[in-house]
Amino acid sequence: MTTIGKTRSLALVTTAYVVAVAAAAVWLWWGPSTEILWLDTLIADVLATLVIFVFSRVYRNSSFYDAFWSVIPPLLLFYWWYRAAPDVDMLRAWMITIVVVLWAIRLTANWVYAFPGLHHEDWRYPMLRARAGRWEFVVDLVAIHLIPTVQVFLGMLPVYVAITTPQIRLSWLAVAAFVVGMAAVALEFAADVQMHRFVANKRPGEVMDRGLWSWSRHPNYFGEFGFWFALALFGIAASPGSWWVLVGAAAMLAMFLGASIPMMEKRSLERRPGYQDVIDRVSRFVPRPPRN
C-alpha cells in the first residue's frame, strides 16, 4: 500500500472525485440518452464509480471510495432539480436540500477528520479481498464499489420522485420527513463528536459506553438509517401510494443489521474483551436506556 501523507492523500482523492464527476457530466451532456432521467443518471453514477475504482486499483487502496457515499447524493439532487425546473415544488425541494446537504457535509467532514492518509485502508476491504482469493478483483469492483453505489442510488430515488413531481403537496408527511431527517443528522453529529472525544483520550482496551453510545451500540448507524428513512418519507409525501420508495431505506437497514454491525461487533469482541459487557447492557441498534 502506498505511503502518502494526509494532505497529499486528500488532494489525490479530491482529484479522483473531480475526474469522476467530470466523466459523469460528459456522459450526461454529450453521451447517448435513454430518455429516462433516472436511468441516465444511474449510468453516469456507475461511470463515475468506475473512475474511482481505477484510482483505487492504481493506488491499491479502496478507501478512495469511502467519501463517494456522501459526495454523490447532493450532486444527484441538484442535477434532478436542474432538469425538472421550473416544474418543482420549491418549498419541498428546499426542505430536502437542507437535509441532504447538511448530512453530506457532516459525513464528509467526519471522514476527512478521521482519514489518516492513503497509507491506511478501511479494515473491511482487505478482509473481503483476501476471502475472495483469485476473485478479489471482482469483489473489489462489485462488493466494494458498485453495490454501494447502487444502494445509495436506491436510497436517493425518493428524492428523484419528490423533485420531479410538480404537484405542490406540503403535507404533514413532508414536514415529518424534514423533522426526522434533521433529527437523524443531529444524532449522527453528536455520536461522531462523542466518539472522537473518546478515541482521543481512551485507554488501551477501553470500550465506548458513554453518552449516546450508552443507549445504542451503534447510534451512528441508527441515525444513518433515520436519514434514508426521512428521504423515503419525502418521496411518499410527494407521491402518496408510491411505497416502493421505501426499498432504498430497507436496503440500508438490511446492510446495517445484516453486515455492518455484525462485522463491527465481531472485531470489537476480538480486540476488546470488555465489549461483551457492553453487548449485555446496551441496545444493539434502536436507542433505549441501558440495562443495569
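Coordinates for the structure precede this section.
Because the structure is a prediction, the values reported are computed rather than measured.

Q: Help me understand the overall build of the protein in this model?
A: Tallying secondary structure elements over the protein gives 10 helices and zero strands in all. Sequence-ordered secondary structure for the protein, helices as α and strands as β, is α-α-α-α-α-α-α-α-α-α. Expected size for 292 residues packed as a compact globule is a radius of gyration near 19 Å; at 20 Å, the protein falls within 12% of this value. On the principal axes, the C-alpha backbone points of the protein span a range of 55 × 45 × 35 Å. Each of the 292 residues in the protein was classed as buried or not, and the buried ones make up 47%.

Q: Just to check I follow, could you spell out the layout of surface pockets for this structure?
A: Think of a ball as big as a water molecule: rolled over the atoms, this probe shows where empty space is left. In this structure, the second largest pocket encloses a volume near 250 Å³. Val 21, Ala 24, Leu 28, Leu 75 and Tyr 79 are the residues nearest the centre of the second largest pocket, which is lined by 14 residues in total. Secondary structure elements with two or more residues in the lining of the second largest pocket: helix H1 (6–30), helix H2 (37–58) and helix H3 (68–84). Here the residues of the lining of the second largest pocket are counted per class, giving 12 nonpolar, one polar and one charged.

Q: Help me understand the nonpolar core in this model?
A: Within soluble globular proteins, side chains that are nonpolar tend to cluster in buried spots. Counting 68 residues, the largest nonpolar core has Trp 80, Met 156, Phe 227 and Trp 228 as the members making the most contacts within it. Secondary structure elements with two or more residues in this core: H1, H2, H3, helix H4 (90–114), helix H6 (136–164), helix H7 (172–201), helix H8 (219–238) and helix H9 (247–271). The biggest single contributor to this core is H8, with 10 residues. With residues up to four places along the chain from it excluded, the contact list for Phe 227 reads Val 99, Val 100, Trp 103, Ala 184, Val 185 and Glu 188. Within the second largest apolar cluster, five residues are counted, among which are Val 207, Tyr 275, Ile 279 and Val 282.

Q: Which parts of the structure should I look at to understand the pattern of salt bridges?
A: Opposite charge on two side chains permits them to pair, given that their charged atoms come into close proximity. Scanning all chains against the criterion turns up 12 salt bridges. Arg 57 is paired through a salt bridge with Glu 136; the nearest N and O atoms lie 2.9 Å apart. In this pair, Arg 57 is assigned in helix H2 and Glu 136 in helix H6, connecting sequence segments 79 residues apart. Exposure remark for Arg 57: the relative accessible area of 29% places this residue in the partly exposed category. A salt bridge links Arg 106 to Glu 188, with the nearest nitrogen and oxygen atoms 3.1 Å apart. Residue Arg 106 is located in helix H4, and its partner Glu 188 is located in helix H7; the two are separated by 82 residues in the primary sequence. Each of the two residues, Arg 106 as well as Glu 188, counts as buried.

Q: In this structure, what is going on with the side chain of His 145? I would like to understand it.
A: Here His 145 is to be found in helix H6. Look at His 145 and you get buried, because its relative accessible area is 0%. With near-sequence residues (within four places) excluded, His 145 lies in contact with Thr 49, Ile 52, Phe 53, Ser 56, Ser 62, Tyr 65 and Asp 140.

Q: What is the right way to read the packing of aromatic side chains from this model?
A: Aromatic ring pairs are defined here through the distance separating the ring centres and the angle between the ring planes. Inspection of every chain in the model, using the stated rule, returns 20 aromatic pairs. Ring geometry for Tyr 79 and Tyr 82: centres 6.4 Å apart, planes at 35°, overall tilted. Here Tyr 79 and its partner Tyr 82 are both found in helix H3, three residues apart, which amounts to about one turn of the helix. Its relative accessible area of 11% is what places Tyr 79 among the buried residues. Between Tyr 221 and Phe 256 the ring centres are 4.9 Å apart and the planes differ by 20°, which places this aromatic pair in the stacked class. Placement of Tyr 221 in helix H8 and of Phe 256 in helix H9 is noted, with a sequence separation of 35 residues between them. The pair Tyr 221 / Phe 256 is uniform in exposure class, with both members buried. Site record: aromatic cluster; members linked through ring pairs are Trp 69, Trp 103, Phe 227 and Trp 228.

Q: Got a minute to help me understand unusual backbone geometry in this structure?
A: Where the residue is not glycine, phi is negative for most of them; where a peptide bond is considered, it is trans in most cases. Cis geometry is adopted by the peptide bond preceding Pro 86, which originates at Ala 85 and carries an omega value of 5°. Relative to the helices and strands, Pro 86 resides in the loop between H3 and H4. With a phi angle near 70°, Glu 35 is a residue other than glycine that sits in the positive phi range. Structurally, Glu 35 is set in the loop between H1 and H2.

Q: Looking at this structure, how should I read H6?
A: In an α-helix, one turn spans 3.6 residues, which is why side chains three or four residues apart end up on the same side. Here H6 spans 39 Å end to end across 29 residues, near enough to the 42 Å set by a 1.5 Å rise per residue. Most pronounced at Met 156, the bend in H6 amounts to some 35°, and the proline Pro 158 follows within four residues.

About the thresholds
Sequence order as written defines residue numbering, which begins from 1 separately in each chain. Per-residue local features of the predicted model are confined to residues with pLDDT of at least 70, and side-chain atom pairs are confined, for both listing and counting, to 80 or more; whole-chain, interface and lining totals are unaffected and use all residues. Hydrogen atoms and water are omitted, and side-chain values are computed over all heavy atoms in the structure. Helix and strand definitions follow DSSP, with helices as H or I runs of at least four residues and strands as E runs of at least two, each counted in order from the N terminus. The size measure is the radius of gyration over C-alpha atoms, and the globule rule it meets is 2.2 Å times the number of residues to the 0.38 power. In this scheme, a residue with accessible area under 20% of its type's maximum is buried, one over 50% is exposed, and one in between is partly exposed, where area comes from a 1.4 Å probe on protein chains only. In this analysis, the protein atoms alone were mapped onto a 1 Å grid. Cavities are point sets where a 1.4 Å probe fits without being able to get out; pockets are open sets with protein on both sides within 12 Å along at least five of seven lines; lining residues have an atom within 4 Å of a point. Grid points are joined across faces, edges and corners, and a volume is the space filled by probe spheres set on the points. Each residue gets one of three labels, nonpolar for Ala, Val, Leu, Ile, Met, Phe, Trp, Tyr, Cys and Pro, charged for Asp, Glu, Lys and Arg, and polar for the others, Gly among them. Remark: nonpolar core denotes a set of buried residues (Ala, Val, Leu, Ile, Met, Phe, Trp, Tyr, Cys) joined through side-chain atoms within 4.5 Å. In this analysis, two residues are considered to be in contact whenever any of their non-hydrogen atoms come within 4.5 Å of each other. For salt bridges, the criterion is a side-chain nitrogen of Lys or Arg within 4 Å of an Asp or Glu carboxyl oxygen. Here the aromatic set is Phe, Tyr and Trp, taking the six-membered ring for Trp, and pairing holds for ring centres within 6.5 Å; pairs whose planes are under 30 degrees apart are stacked, those over 60 apart are edge-to-face, and all others are tilted. Each residue after the first adds 1.5 Å to the expected span of a helix. One axis fitted to the seven residues ending at a residue, another fitted to the seven starting there: the angle between these axes is the bend at that residue.

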